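Here are the chains, one letter per residue:
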Amino acid sequence: MKQRALLFSLAAGAACLALRLLQNHIGFEADTRLPVPGSFPALLLPLLLLLSAVALIFLTRRLPRSTEAPFSAQFGGADAKGLTLTVLGCFLVGLSGVWELLRAVSGGQAVLSADGLSVIASAGSGTSGAIMGVLSIAAAAGLFCGLLACRKETVSPLPLLAVPVSLLIRLVFVYRLDSVDPVLAHYYPELLGLMALILGSYRLSGFTVKAGNPRLFTLYTGLSVICSLTLLADGITPAACLTLGGAAALAGFCWAMREAA
C-alpha cells in the first residue's frame, strides 16, 4: 500500500514538474514576469496538485490510523532502499543549509535556472539567509538522529520534533520574504513543499512516543514528494534542495515502515 502511494507520488510529481516547466516557459511575460492571462499551465497545475492529493487519500485509506509500536519496531527493518533514501535526504537538507549560509556570507543572490542556461535572482540573503541556513542544518541533524534511533530501544522525541519546528520557523521567514511579490504563482510551490514537510516530519516524530499514524504519515510524505519535484522546475536553489532532501528522507522512513508492526 505505502509503496504504491510513493510510486504514484513520483509519477504525479513528474507530471507537475512538466507543467511547472511549461508554465515558467509560456505562462509569464518575459519582461515583467507577470502571469499571461488564460495560460493553461497556470490553471492545470493547481488542479493536478489537488487531484493528486485526493488520489493519495484514496491510496492510503487502508493503512492503519494509529500504532503503539516502538520506533525501533516500526522503522528498524534492514531495508537498503529506505536507508539510502534517508541518508541521501539528510545530506541534501544539510547541503541546502550550508549553501544558504555561504550565500548569506558572500551576499550573492544568483542561482542557476532549471535549464542550466541562465542565472536568476532569489530572495533570502544576509541575516535572514543565515538564519534559514542554520534552520536547515538543524532539520538535517534531527532527521539523521531519527535514522540513528531506528536501532535504539528508547528514543527521545526531541531531535525529530526539532525538524518540524525548524521548518515552521523557516516557513515564516520564507513567507515574509516572498509575500512582497504580488504574484502568488511565483512562490506558492515552495510554500506548499514546506508545509508538506512540516506535516510529514511532525507525524514522523509521533512514532517516537508510540502515537504514530501510518496513514497520515504516508499521505504527507507523498505530498512532499510531489511538491518537491514541482519546485525543481523553478531552478536549482537551496529551497529546492531542502524540499527534495526532506521528501527523500521522509520517503526513506516511509519505505522502511512496517505496516503491521
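For every chain, the first residue of the written sequence is number 1, and numbering continues from 1 onward in sequence order. Selection of residues for local features in this predicted model requires a pLDDT of at least 70, selection of side-chain atom pairs for listing and counting requires 80 or more, and totals for whole chains, interfaces and linings are taken over all residues. Side-chain calculation: all heavy atoms of the structure are included, whereas hydrogens and water are not.

Draft legend 1. Representation of the overall build of the protein chain. Scanning the protein chain from terminus to terminus reveals nine helices and two strands. In summary, the protein chain has a C-alpha radius of gyration of 18 Å against a globular reference of 18 Å for 261 residues, a match within 12%. On the principal axes, the C-alpha backbone points of the protein chain span a range of 60 × 40 × 30 Å. The buried share of the protein chain, taken over its 261 residues, is 49%. When contacts within the protein chain are restricted to residue pairs at least 6 apart in sequence, long-range pairs at least 24 apart make up 79% of them. Put simply, DSSP H or I for four residues or longer makes a helix, DSSP E for two residues or longer makes a strand, and each gets a number counted from the N terminus. Every radius of gyration here is taken over C-alpha atoms, with the globule rule written as 2.2 Å times N^0.38, N being the number of residues. For the exposure calls, accessible area comes from a 1.4 Å probe over protein chains only, and a residue counts as buried if that area is under 20% of its type's maximum, exposed if over 50%, partly exposed in between. We call two residues in contact when some of their heavy atoms are within 4.5 Å.

Draft legend 2. Just the environment of Ser 136, in detail. Relative to the helices and strands, Ser 136 resides in helix α5 (residues 126-148). For the pair Ser 136 and Leu 101, spaced 35 residues apart in sequence, the C-alpha to C-alpha distance is 9.8 Å. Sequence-distant contacts of Ser 136, that is, excluding residues within four places in its chain, are made with Val 93, Ser 96, Gly 97, Glu 100, Arg 170 and Leu 242.

Draft legend 3. The arrangement of the packing of helix α8 (residues 214-231) against helix α9 (residues 238-256) in detail. Between α8 and α9, the shortest axis-to-axis distance is 8 Å and the interhelical angle comes to 150°. Taken together, the axes of α8 and α9 lie roughly antiparallel to each other. Crossing geometry of α8 relative to α9 is assigned as left-handed. Note on element contacts: α9 touches α8 through Ala 239, Ala 240, Thr 243, Leu 244, Ala 247, Leu 250, Ala 251, Phe 253 and Cys 254, opposite Phe 217, Thr 218, Thr 221, Ser 224, Val 225, Ser 228, Leu 229 and Leu 231. A per-class count over the contact of α8 with α9 returns twelve nonpolar, five polar and no charged. Here the axes come from fitting lines to C-alpha atoms, over the contacting stretch only for helices, and the angles between their N-to-C directions go from 0 to 180 degrees. Any angle from 65 to 115 degrees is called roughly perpendicular, while one under 35 is roughly parallel, one over 145 is roughly antiparallel, and all others are oblique. Crossing chirality is assigned from the near helix's rotation relative to the far helix, an anticlockwise turn below a right angle marking it left-handed and a clockwise turn marking it right-handed. Three classes are used: nonpolar for Ala, Val, Leu, Ile, Met, Phe, Trp, Tyr, Cys and Pro, charged for Asp, Glu, Lys and Arg, and polar for all others, with Gly counted as polar.

Draft legend 4. Representation of the nonpolar core in the model. Note on terminology: a nonpolar core comprises buried Ala, Val, Leu, Ile, Met, Phe, Trp, Tyr and Cys residues joined through side-chain atoms within 4.5 Å. Judged by nonpolar contacts, the single largest core of 37 residues is most densely connected at Phe 71, Phe 75, Leu 167, Leu 204, Phe 217 and Phe 253. Sorting the residues of this core by element identifies α3 (71-75), α4 (80-106), α5, α6 (158-178), α7 (188-206), α8 and α9 as the ones contributing at least two each. Sorting elements by how many residues they give to this core places α9 first, with eight residues. Among the nonpolar cores identified, the runner-up in size contains 15 residues, and Ala 5, Leu 19, Phe 28 and Leu 45 belong to it.

Draft legend 5. Quick peek at α9. To estimate the expected span of a helix, count its residues, drop one, and scale the result by 1.5 Å. Between its terminal C-alpha atoms α9 stretches 27 Å, which fits the 27 Å expected from 19 residues at 1.5 Å a residue. In terms of residue burial, α9 counts as a mostly covered element, since 18 of its 19 residues are buried.

Draft legend 6. Focus on a nonpolar patch on the surface. Residues qualify for a patch when their relative accessible area is over 30% and they have no salt bridge, like charges being joined within 9 Å and the nonpolar side chains of Val, Leu, Ile, Met, Phe, Trp and Tyr within 5 Å. Per-residue and other accessible areas follow the Shrake-Rupley method at a 1.4 Å probe size, with only the shown protein chains counted as cover for residues. A carboxyl oxygen of Asp or Glu within 4 Å of a side-chain nitrogen of Lys or Arg is what we treat as a salt bridge. The grouping of Leu 22, Ile 26, Phe 40, Leu 44, Leu 47, Leu 50, Leu 51 and Val 54 at the surface amounts to a nonpolar patch, some 690 Å² of accessible area in total. If you list the elements that add at least two residues to the nonpolar patch, you get α1 (2-26) and α2 (40-59). The leading source of residues in the nonpolar patch is α2, at six residues. Secondary-structure assignment places Val 54 in helix α2.

Draft legend 7. Region of the structure containing the side chain of Asn 213. For Asn 213, the location among the structural elements is in the loop between α7 and α8. The definition of a polar contact used here is a pair of N or O atoms within 3.5 Å, where within protein one atom must be able to donate a hydrogen and the other to accept one, and adjacent residues in sequence count solely through side-chain atom pairs. Here Leu 216 takes part through its backbone nitrogen, which lies 3.1 Å from a polar atom of the side chain of Asn 213. Sequence-distant contacts of Asn 213, defined by excluding residues within four places in its chain, comprise Pro 64, Arg 65, Ser 66, Arg 203 and Phe 207.

Draft legend 8. Main features of α7. Look at α7: 27 Å from first C-alpha to last across 19 residues, which is about the 27 Å you get at 1.5 Å a residue. With 14 of 19 residues buried, α7 lies mostly within the body of the structure.

Draft legend 9. The arrangement of the packing of α6 against α7 in detail. At a minimum axis separation of 8 Å, α6 and α7 run at an interaxial angle of 165°. Of the possible angle classes, the one that applies to α6 and α7 is roughly antiparallel. When you trace α6 past α7, the crossing you get is left-handed. Here Leu 160, Leu 161, Val 163, Pro 164, Leu 167, Leu 168, Arg 170, Leu 171, Val 174, Tyr 175 and Asp 178 of α6 lie close against α7, whose contacting residues are Glu 190, Leu 191, Leu 194, Met 195, Leu 197, Ile 198, Ser 201, Tyr 202, Leu 204 and Ser 205.

Draft legend 10. How the structure looks around the pattern of salt bridges. With the rule as written, the count across this model stands at three salt bridges. Residues participating in the shared-partner salt-bridge network are Glu 100, Arg 103 and Arg 170.

Draft legend 11. Summary view of the packing of aromatic side chains. Stacked, edge-to-face and tilted labels apply to pairs of Phe, Tyr and Trp rings (six-membered ring for Trp) whose centres lie within 6.5 Å, assigned for plane angles under 30 degrees, over 60, and everything in between, in that order. Counted under the stated rule, the structure contains six aromatic pairs. Ring geometry for Phe 75 against Phe 253: centres 5.7 Å apart, planes inclined by 85°, an arrangement best described as edge-to-face. You can see Phe 75 sitting in helix α3 and its partner Phe 253 sitting in helix α9, a full 178 residues away along the chain. In this structure Phe 75 comes out as buried when scored by relative accessible area, which is 3%. Its relative accessible area of 2% is what places Phe 253 among the buried residues. Charge-over-ring placement is defined geometrically: NZ (Lys) or CZ (Arg) within 6 Å of the ring centre, and within 35 degrees of the ring normal. Its guanidinium or amino end placed over the ring of Phe 58, Arg 61 lies 4.0 Å from that ring's centre, counting from NZ or CZ.

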